[in-house]
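Topology and contacts: notes
For reference, the chains in residue letters:
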Amino acid sequence: MDKDSARRSTMADVTEAWADVRIDEPRLLDLADDVAALVYRGSATRNGKPYVANCASVYARHAGTWQMVLHQQSPSQSDGGVRDDR
């Protein structure tokens, strides 16, 4: 995704929510006492188009509550994933 595509994706008018959302191959990685990462393959459809991505979400425990502090996803081209270029 180039800079213009990234900019358009954050400003796009999304008319349809994600559907058929799946989390496959989840792995939980303990990074520190109060930090963990959830790594998984996500898939869904939007506007009738399939999307498959490799995802990682990092959580930190603050005052006893787990909070997401970072999320990253990259389209999975090896599985025929379609980029969500809106």
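Scroll up a little and you will see the structure.
What this report covers is the structure whose coordinates are included nearby.

The rules behind these values
- Residues numbered from 1 in each chain as written.
- Predicted model: local features only at pLDDT ≥ 70, side-chain atom pairs only at ≥ 80, totals over all residues.
- Heavy atoms only, no water.
- Helix = DSSP H or I, 4+ residues; strand = E, 2+ residues; numbered from the N terminus.
- Buried < 20%, exposed > 50% of the residue type's maximum accessible area, 1.4 Å probe, protein only.
- Contact = heavy atoms within 4.5 Å.
- Pairing = 2+ DSSP bridges.
- Phe/Tyr/Trp six-rings, centres within 6.5 Å; stacked < 30°, edge-to-face > 60°.
- Lys NZ or Arg CZ within 6 Å of the ring centre and 35° of its normal.

What to know about the environment of Asp-2
Examined against the element boundaries, Asp-2 turns out to sit in the segment before helix H1 (3-11). The partly exposed category is assigned to Asp-2, whose relative accessible area is 47%.

So, the environment of Glu-16
When you line up the elements, Glu-16 lands in the loop between H1 and strand E1 (19-32). For Glu-16, a relative accessible area of 35% puts it in the partly exposed group. Spatially, the C-alpha atom of Glu-16 lies 6.3 Å from that of Arg-46, the residues being 30 residues apart in sequence. Sequence-distant contacts of Glu-16, that is, excluding residues within four places in its chain, are made with Arg-46, Asn-47 and Gly-48.

Observations concerning the pairing of strand E4 (residues 65-75)
The pairing of strand E3 (residues 49-62) with E4 spans ten bridges and is classified as antiparallel. Paired with Val-58 across the strands is Leu-70, a residue of E4. Linking E3 to E4, which pair antiparallel, is a turn of two residues; within it Ala-63 sits at a positive phi near 55°.

Here we look at the packing of aromatic side chains
In the structure shown here, the tally under the stated rule is one aromatic pair. Note that Arg-46 overlies the ring of Trp-18, its terminal NZ or CZ placed 3.9 Å from the centroid.

Notes on the pairing of E1
The element E1 is largely exposed, with a buried count of zero among its 14 residues. As paired elements, E1 and strand E2 (residues 35-46) share nine bridges and run antiparallel to each other. Directly across from Asp-24, in E2, lies its bridge partner Arg-41. Counting the residues in the hairpin turn of E1 and E2 gives two residues.

Quick word on unusual backbone geometry
You will see that Asp-20, though not glycine, has its phi angle at about 55°, which is positive. By secondary structure assignment, the location of Asp-20 is in strand E1. Residue classification places Asp-20 among the exposed residues on the basis of a relative accessible area of 61%. Phi is positive for Asn-47, which is not a glycine, with a value near 55°. Take Asn-47: it is sitting in the loop between E2 and E3. On the basis of relative accessible area, Asn-47 is assigned to the partly exposed category, the value being 40%.

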